Amino acid sequence: MPPMGGPGGRGRASMEPRKPKNTKAVIKRLFEYVGKYKIKVIIALTFVVLRTLSTLAASYMLRPIINNYIIPGSGTQMLGGLAMGLAVLGSIYLINIICTYGQSKLMIYVSQHSIEAIRNDLFSKVQKLPVRYYDTHSTGDMMSRFTNDVDNIGMMLDSTLVSLFSGTIQLIGTMAMMIYTNIWLTLITIFFIPIFTKAGGTIAKHSRKYYSAQQAALGSVNGYIEEMVTGQKVIKVFCHEDQCEEEFNALNQDLRDKQIKAQFFGGIMGPVMGNMSQVSYAATACIGGILCALGRFDIGGLTVFVNYSRQFSFPISEISMQVTNIFSALAGAERVFAMMDEAPEPGDVENAVAPAHIDGHVVLDHVTFGYNPDKTILKDINITAEPGQKIAFVGSTGAGKTTITNLLNRFYDIQEGSITIDGIDIKNFKRDVLRQNIAMVLQDTHLFTGTVMENIRFGRMDATDEEVIQAAKTASAHSFIMRLDKGYDTILESDGANLSQGQRQLINIARAAISKAPILVLDEATSSVDTRTERHIEHGMDRLMKNRTTFVIAHRLSTVRNADAIMVLEQGEIIERGNHEQLLAQKGRYYELYTGLKELD
Ligand SMILES: Nc1ncnc2c1ncn2[C@@H]1O[C@H](COP(=O)(O)OP(=O)(O)O)[C@@H](O)[C@H]1O
Ligand SMILES: [Mg+2]
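Every value quoted in this text rests on a predicted model; they were computed, and no experiment measured them.

(A) Focus on the overall build of the protein chain. When helices and strands are tallied, the protein chain shows 21 helices and 12 strands. Computed over C-alpha atoms, the radius of gyration of the protein chain comes to 36 Å, more than 25% over the 25 Å expected from 2.2 N^0.38 for 601 residues, which places it beyond the range of a compact globule. Considering only C-alpha atoms, the protein chain reaches an extent of 120 × 55 × 50 Å along its principal axes. Scored against the burial criterion, the 601 residues of the protein chain give a buried share of 47%. Looking at the protein chain alone, contacts between residues at least 24 apart form 77% of all its contacts between residues at least 6 apart. Per element, the accessible surface of the protein chain, about 30,600 Å² overall, is 59% carbon and sulfur. Charge-centre separation for the protein chain: the mean point of 59 positive side chains lies 8 Å from the mean point of 60 negative side chains.

Structure (structure tokens):
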């Protein structure tokens, strides 16, 4: 399976770094994972050595068999020689089978356990990363670390390393056996080594280059497909089909060209090296034959030698090829470790408090904040909410309404001023206690794969079925849920794609309703619900807000009209505040908004 690019063509970026920046550190880190299975690795490598050496030894057995049985040549002797040859080959195959089996089983065990641990560590990091990380990194890039990069590590551990190791042993072993068999002929072979390595290295270099290019092109194509599939409706609406097809064809052609080159150089290695070894084979056979004729060498020895010299090029090409895989796996490992090393959400302060009960007295005091410290988004915000009060925010898109809610539960920390709950700075709360005390309906909803019941229970895991149904009733979600195929047991998939936007919002409200948190934040909670349904759930919402300090953001003024205080936010500043009547009397921005929207309402 080719690695998939992330959404929006972001997969491309993940393909580029093919070489690790700090190879040593990455290898050391990988060893920490593999090191746990040291004994297994050692046994596996012993199997590899055994297998390689047994093959070499078996080839050598031909020498005495030919010299002592075949050449002297009576019929029975020959048969005996053949039988011995067969017996030797048989035992070698047996050893080979056992070793290969043992070695792959062990290495697969080690690699799969290691990457399981890597995946676990990575996932647990994902749970600890601050919201800022998600706001600044693409999903595709994170996904590709979990999939491609981890898979590459696994492949390197279970097959590449073994090939590299066995290739090296084979190379050294063959060399040693050749020297042992005949030093002069070995010198001839050695003469060819630089040519082999040069050729192997050149092909591998090209194949590496075209492989990277192919991966990058593949990332672009996959990214494009993903974007076009998810954005298909928009494409249809704006009649962009033809243009998309053209763009795709261009990308696809590019991929084709690069793939042809990559495949060519990938496939050419074997034949080229094979042909070159034929040359060295011919040379050694020729000179070896002369030596035999002169009585300076034996036929058995020559047979064995030319055999070795033919095998000689395989490990070289194998090693050259594996280097590519190892580099890309190490580059992947580096990206995985880089994500693991991201700074987690800072821990709780020393002596962090976890009050058993919170009244919900919330004060924002001279709060100033910017996602980037040099670009201020919120300026000097002052808000006091008494327990049970309802504070509403209105203002145009981008005014900073959602940003205020991001600060209340410490998705982001403020730069100046303070936010206190019941007089305690939120920085001094235990983070999870703080978040447990704030029920949130986020602006962008998310439903998980699972039943409606489970999705609502997400708001409080120990809620009973009755409580879930009660919460759904509060959110006016009960009646539509009952109309679903299986009611509360209906499975929601891919973020609730089988529901309308408004229905998804109702489930989200139910999720907040089930929580017993004393503070409630509703960010455009009913923006996609029609006005009739909204009127309908107003009752439920009132019940939801009762006895809770509520911050509500709404662009429908009917929702905010009865708030205790309304804040009109423009460009990160509160430009007007007061209750509905006071603000109307001011005839300012709120009055404009209200009279403008009343007609829509
Ligand atoms: N994660 C973020 N990183 C950087 N800037 C952001 C982020 N989220 C929002 N902004 C910026 O902050 C400003 C206020 O956004 P927001 O609070 O979402 O407005 P709204 O009032 O529509 O809810 C906007 O200019 C937006 O571009
Ligand atoms: Mg918003």
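(B) Structural view of helix α9 (residues 241–293). Taking 1.5 Å of rise per residue, 53 residues should cover 78 Å, and α9 covers 77 Å from first to last C-alpha, within 8% of that figure. A positive phi of about 75 degrees marks Gly295, the residue just after α9.

(C) Structural detail: a nonpolar patch on the surface. Among the surface-exposed residues, Ile179, Ile183, Trp184, Leu187 and Ile190 lie close enough to one another that they form a single nonpolar patch of about 490 Å² accessible area. For the nonpolar patch, the element with the most residues is helix α7 (residues 183–230), which contributes four residues. Residue placement: Leu187 occurs in helix α7. Leu187 gets classed as partly exposed once you look at its relative accessible area, which sits at 43%.

(D) Inspection of the pairing of strand β6 (residues 438–441) at higher detail. Here β6 shows no split at all, with Ile438 and Met440 on one side and Ala439 and Val441 on the other all buried. Across four bridges, the pairing between β6 and strand β9 (residues 519–523) is parallel. Bridge assignment links Ile438 to a residue of β9, and that residue is Ile519.

(E) Quick peek at the site of ligand 1. Neighbouring residues of ligand 1: Asp135, Tyr371, Ile377, Ser396, Thr397, Gly398, Ala399, Gly400, Lys401, Thr402, Thr403 and Tyr412. Here Lys401 contributes a backbone N or O atom positioned 2.8 Å from an oxygen atom of ligand 1. One nitrogen or oxygen atom from the side chain of Thr403 is found 2.4 Å from an oxygen atom belonging to ligand 1. In the complex, 63% of the free accessible area of ligand 1, which totals 560 Å², lies under the protein chains. Of the residues contributing to the shell around ligand 1, the split by class is four nonpolar, six polar and two charged.

So, how was this worked out
Residues numbered from 1 in each chain as written. Chains lettered and ligands numbered in written order. Predicted model: local features only at pLDDT ≥ 70, side-chain atom pairs only at ≥ 80, totals over all residues. Heavy atoms only, no water. Helix = DSSP H or I, 4+ residues; strand = E, 2+ residues; numbered from the N terminus. Rg over C-alpha atoms; globule rule 2.2 N^0.38 Å. Buried < 20%, exposed > 50% of the residue type's maximum accessible area, 1.4 Å probe, protein only. Contact = heavy atoms within 4.5 Å. Areas by Shrake-Rupley, 256 points an atom, 1.4 Å probe, with all protein chains shown as cover. Lys, Arg positive; Asp, Glu negative; His and termini not counted. Charge placed at Lys NZ, Arg CZ, Asp CG, Glu CD. Expected span 1.5 Å × (residues − 1). Patch = residues over 30% accessible without salt bridge, like charges linked within 9 Å, V, L, I, M, F, W, Y side chains within 5 Å. Salt bridge = Lys/Arg side-chain N within 4 Å of Asp/Glu carboxyl O. Pairing = 2+ DSSP bridges. Near = heavy atom within 4 Å. Polar contact = N/O pair within 3.5 Å; in protein donor to acceptor, adjacent residues only side chain to side chain. Nonpolar A, V, L, I, M, F, W, Y, C, P; charged D, E, K, R; others polar.

None of this, on its own, says anything about what the molecule does.
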